[in-house]
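Below, each chain spelled out in residue letters.
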Amino acid sequence: MLVLAHISDLHLDGSPRATERAQRVRDRLWRLPGRVDALLVTGDIADHAEESEYEEAARVLGLRDGDAPFPVLTCPGNHDSRAPYRKALLGEPAADGPVDSVRVFPGGAVLMCDSSIPGADEGALDEETYDWIERTLDGLDPGLPALLAFHHPPVGLHHPLPDSYQLADPGRLAALLERRPQIAGLITGHAHTPAATVFAGRPLLVGPGVTWTLNLPWEDDQVADRDAPVGLAFHILDDAGRLTTHFRVVT
């Protein structure tokens, strides 16, 4: 069994408000008394893609001092920029190519895919990332279930804002899933609302936003609820390859 905590869309910008909300959910996760295999952060970690914002993120997420009680897995969103993300958040040489990485656990593999398009709010998995996904899956035990994590949902979520900037060419992703039965589900962010749906026959789980929550059109005339509690998700990939999600708020 694989247990993932999941947060998204921190939008750290140096403001006390953004820092406090990120620290609040961090403190909740760091104090968990039971088993969590990893924390997954699905993009828009910084708000303006400044190095200082990624340095703060590295501190909040325990990536510099090693105080996180479990591995912290990240992928970029449309507010992120690849070179400063690599340099200040991951401690790697600055580079502009897709930020793709994999972590293998006894209960499953998590492929963190870069769906950002430099300079754009829209999302896409580019040729390099699709090739990387195929090679990575080829290198795994075929009996090990895998999760794909990226920022932009590949389907509409019935709100005009996130639906304007969803993942391009979802048909190509659907074709990949058809060829790859070991992919047990997809985990995304971007929409600032906890959501669960199905894409190409697989579960698609959308993490809530740390910075603010999206109001659905029938809830409020205002797009953003900045006073909503911080949200997080727990994803459980069991030994049968079934993905279950529990959503929580942190007050």
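Since this is a predicted model, take the numbers as computed values, not measurements.

Q: For the overall build of the chain, give the residues involved together with the corresponding values.
A: A tally of helices and strands in the chain yields 6 helices and 13 strands. By the compact-globule yardstick of 18 Å for 251 residues, the chain fits well, its C-alpha radius of gyration being 17 Å. Dimensions of the chain, computed from the C-alpha atoms along their principal axes, are close to 45 × 45 × 40 Å. Sorting the 251 residues of the chain into buried and exposed places 55% on the buried side.

Q: Tell me what's going on with unusual backbone geometry, and back it up with residues and numbers.
A: With phi around 60 degrees, A49 is a residue other than glycine that occupies positive phi space. With respect to the secondary-structure elements, A49 resides in the loop between β2 (38-42) and α2 (51-60). Residue A49 is classed as buried on the basis of its relative accessible area of 16%. Its identity as a non-glycine residue notwithstanding, H192 has a phi of 60 degrees, on the positive side. Here H192 is to be found in the loop between β7 (183-188) and β8 (195-199).

Q: If you had to explain the pairing of strand β3 (residues 72-75) to someone new, which residues and values would you point to?
A: On any regular strand, side chains alternate: one points to one face of the sheet, the next to the other face. Judged by which residues are buried, β3 turns out to be covered on both faces: V72 and T74 on one side and L73 and C75 on the other are all buried. As for the winding sense of the linkage, the β-α-β connection from β2 through α2 to β3 is right-handed.

Q: If you had to explain the sheet that holds β8 to someone new, which residues and values would you point to?
A: Spatially, β4-β5-β6-β7-β9-β8 is the arrangement adopted by the 6 strands of the open sheet, whose pairing is mixed. In this open sheet, the two edge strands, each paired with only one partner strand, are β4 (101-105) and β8. For this sheet the average axis-to-axis angle between neighbouring strands, irrespective of direction, equals 20 degrees. In this sheet, strand β6 (residues 146-149) lies alongside strand β5 (residues 108-112) in parallel orientation, the contact comprising 4 bridges. Counted as the bridge partner of L111 is L148 from β6. Running at roughly 165 degrees to β5, helix α4 (residues 127-138) makes contact with β4, β5, β6 and β7 of the sheet.

Q: Give me the nonpolar core: which residues, what numbers.
A: Formed by 33 residues in total, the largest nonpolar core has its most connected members in I7, V25, L29, L39 and V41. Considering every element that reaches this core, the biggest residue donor is helix α1 (residues 16-30), with 5 residues. Apart from residues no more than four positions distant in its own chain, V41 is found in contact with I7, L10, L61, V72, L73, T74 and C75.

Q: Give me the side chain of T42: which residues, what numbers.
A: Mapped onto the elements of the fold, T42 is located in strand β2. Judged by its relative accessible area of 0%, T42 falls in the buried class. Discounting residues that sit within four places of it in the chain, T42 has contacts with H6, I7, S8, C75, A149, F150, H151, I187, T188 and G189.

Q: Residues and numbers for the environment of I45, please.
A: You can see I45 is positioned in the loop between β2 and α2. For I45 and A57, which are 12 residues apart along the polypeptide, the C-alpha to C-alpha distance reads 7.1 Å. With residues up to four places along the chain from it excluded, the contact list for I45 reads L10, H11, L12, A57, T74, C75, D80, Y85 and L89.

Q: Give me the lowdown on helix α6 (residues 170-179), citing residues and values where you can.
A: Every buried residue belonging to α6 is among L173, L176 and L177, and all of these are buried. One side of α6 carries all its buried residues, which in axial view fall inside an arc of 100 degrees. Buried residues along α6 sit against α4, β6, β7, β8 and β9 (202-206).

Q: Describe the pairing of β4, with residues and values.
A: Pairing geometry for β4 and β5, over 5 bridges, is antiparallel. Its bridge partner being in β5, V102 is matched across the sheet by L111. Linkage of β4 to β5, two consecutive antiparallel strands, is achieved through a turn of 2 residues.

Parameters at a glance
- Residues numbered from 1 in each chain as written.
- Predicted model: local features only at pLDDT ≥ 70, side-chain atom pairs only at ≥ 80, totals over all residues.
- Heavy atoms only, no water.
- Helix = DSSP H or I, 4+ residues; strand = E, 2+ residues; numbered from the N terminus.
- Rg over C-alpha atoms; globule rule 2.2 N^0.38 Å.
- Buried < 20%, exposed > 50% of the residue type's maximum accessible area, 1.4 Å probe, protein only.
- Right-handed = clockwise from strand over helix to strand, strands pointing away.
- Pairing = 2+ DSSP bridges.
- Axes fitted to C-alpha atoms, helices over the stretch in contact; angles between N-to-C directions.
- Contact = heavy atoms within 4.5 Å.
- Core = buried A, V, L, I, M, F, W, Y, C linked by side-chain atoms within 4.5 Å.
- Arc of directions from axis to C-beta.

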